[in-house]
Structures are given as C-alpha cells and as structure tokens.
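# Structural description and commentary
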Amino acid sequence: TERKGYTEKLEKTVEERTRQLTKALAKEKELNELKTRFLSLVSHEFKTPLSSILTSITLLGKYTETEQQEKRDKHVNTIKNKVKYLNAILNDFLSVERLESGKVNYKNEIFPLSKVVNEVIYNANMLLKSGQKIQYPDNIDEAIVFFDEKTLELALSNLVHNAIKYSPEDSIIDLKLEIEEEFVVIKVIDEGIGIPEEDQKHIFDRYFRAENALVTQGTGIGLNISKQHLENLGASLEFSSKINVGSTFVLRIPKNLIPIRK
Ligand code: ADP
C-alpha cells in the first residue's frame, strides 16, 4: 500500500506539472501572437504617415519661392498633422507600457464632472468633421465626483474621439448624464458606422479593430486601456451598437458615497 500511495502521489505530481506546463505554453503562445499583432500594427500604422511626411518634405524643398507660399503651407500642414498623429499613437503604445509595468498612480479627488467634460469637448471640437455637433448634457452641474481625474479624462476623450472618428459628417454626438443612487453614468451616443455584431465581443481586446473601422486610422488600444484603468478604480465601461445606426458607450463611475456639499 505504501508503494501504491507513492505511485499515486507521483502521478498527481506529474499531472499537476503537465497542467502547469500546458498553461505556461498557452500563455507564451498568446504573448507571441500579441507581439506579432503589435509589430504588424506598428509597421502598418507608421508606414502611411511616414511616407506622406517624406513626400511633403521633398516637395517643400522644391517650393522655395515666396509666391508658392500656399503650396508650402499645405505641405507644412500635412507634416504637422501626420506628426501629431504619430505622436498620438506613440502615446497609446506608451500607455500600454505604463499600465503593464504598474507605473500608474491613481489619485482620487473631488471635482465637478463639468471640469473634465468641458476640457474633453474643448479638445474634441478641433477634431469635428464638417457639420458634426457635440451635444452637452444639460444637467451636468448636478454631478460632483470623487475619482481619478486623469483616468476619467482619458476614457471620456477616447469615447468622444471615437464617436467623431466613426461617424459621418453632419451627425450628432450626444453626451448624456444620469445620476443613479450609487453611480454617475455618462453616455456617449453617436450616429456612426456601428460595430458589426460578430466583432462586438472583441471590442475591448487590445489591438482589436472591427472590420468596418479599418478605413479609419487607429490602434485598437484606447478602449482596452480605458476599460482597464476604469475597472481598477471600480468604474465600468459598456456599450451597445448597431451597424450603420450608431453606438452608445456607457461609463459608470462610483459615487463613493462621499457627502456632497451643496
Ligand atoms: P482605435 O479607435 O484606435 O482603433 P479603440 O480601442 O478606441 O481603438 O477602439 C477599438 C475598435 O472599436 C475600433 O477600431 C472600432 O472598430 C471600434 N469602435 C470604437 N468606438 C466606436 C464607435 N463609436 N463606433 C464604431 N466603432 C467603434
């Protein structure tokens, strides 16, 4: 019996080891796949802007006469925009790195929600397509939150930028605010391209981009990062969407039950 006990123990150990090994292998495979996706994304996203910067710089060298100021301005503008875009995606990648390495410090503070919403809308106004409008929640002054301001700004600006990016000209982006017992709820509603049903379950996966979004530039990082930060702070991010009709993203921030001074 002693021997049988020993064999059984050995078998259990082998089984346990095999399980661990299989898990480690699967994890490594997943990491490798992420790495491949990441590299192809970087090369793809950098290629077009870089080549257009190069073209503009080459042409810029040719238009040296003052009477060709207009053409020069056009190329300088192109360069500026493309560099801005590259900078934005680099920031996206850096935010992944920061999140992964645990180098984030959250700091909850009391602030009126309008502070962040105003800031986000102010910045977003510059990105609006012709005829696009952002509608401001009319009850915004009712909400005071206790939350990490940077995280809220990151998440909300990502949602509003997406709403702009994935909606046509002359469309409305509606921001709604609902005050629930335990949460402050912000909704970003657009009339855009929507998310295909089969892609919806992947929308928060890192680097994932839906089929119908590929004509627009992006990294598939923003939603993933926003959601992770929000969840670290007890908030949540959800959505509903219908292709060619529009999407609604719902951000729920806990009130944290602090006494609100009136
Ligand atoms: P990015 O916009 O850089 O691709 P995100 O993480 O912000 O990355 O979004 C991931 C994907 O989710 C997008 O590529 C797009 O397919 C989809 N998506 C996000 N927001 C919207 C929206 N408002 N309307 C339609 N699709 C959206």
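In short, a report on the structure. (Residues numbered from 1 in each chain as written. Predicted model: local features only at pLDDT ≥ 70, side-chain atom pairs only at ≥ 80, totals over all residues. Heavy atoms only, no water.)

The subject of this paragraph is the pairing of strand β7 (residues 246-254). Most of β7 sits out of view: 8 of its 9 residues are buried. Pairing of strand β5 (residues 183-189) with β7 involves 7 bridges; the strand directions are antiparallel. Bridging across to β7, I186 finds its partner in L251. Where strand β6 (residues 236-242) meets β7, 7 bridges bridge the pair, whose relative direction is antiparallel. Looking across to β7, one finds that E238 is bridged to V250. Hairpin connection of β6 to β7: 3 residues between the antiparallel strands, including N244 at a positive phi of 65°. (Buried < 20%, exposed > 50% of the residue type's maximum accessible area, 1.4 Å probe, protein only. Helix = DSSP H or I, 4+ residues; strand = E, 2+ residues; numbered from the N terminus. Pairing = 2+ DSSP bridges.)

Further remarks concern the nonpolar core. In this structure, L113, F147, L152 and L251 are the most contacted members of the largest nonpolar core, which totals 38 residues. Breaking this core down by element, the ones donating at least two residues are α3 (113-125), β3 (144-148), α4 (149-165), β4 (172-179), β5, α5 (222-232), β6 and β7. Broken down by element, the residue count for this core peaks at 7 residues, all from α4. One finds F46, F93, V104 and I221 within the second-largest nonpolar core, a separate group that totals 14 residues. (Core = buried A, V, L, I, M, F, W, Y, C linked by side-chain atoms within 4.5 Å.)

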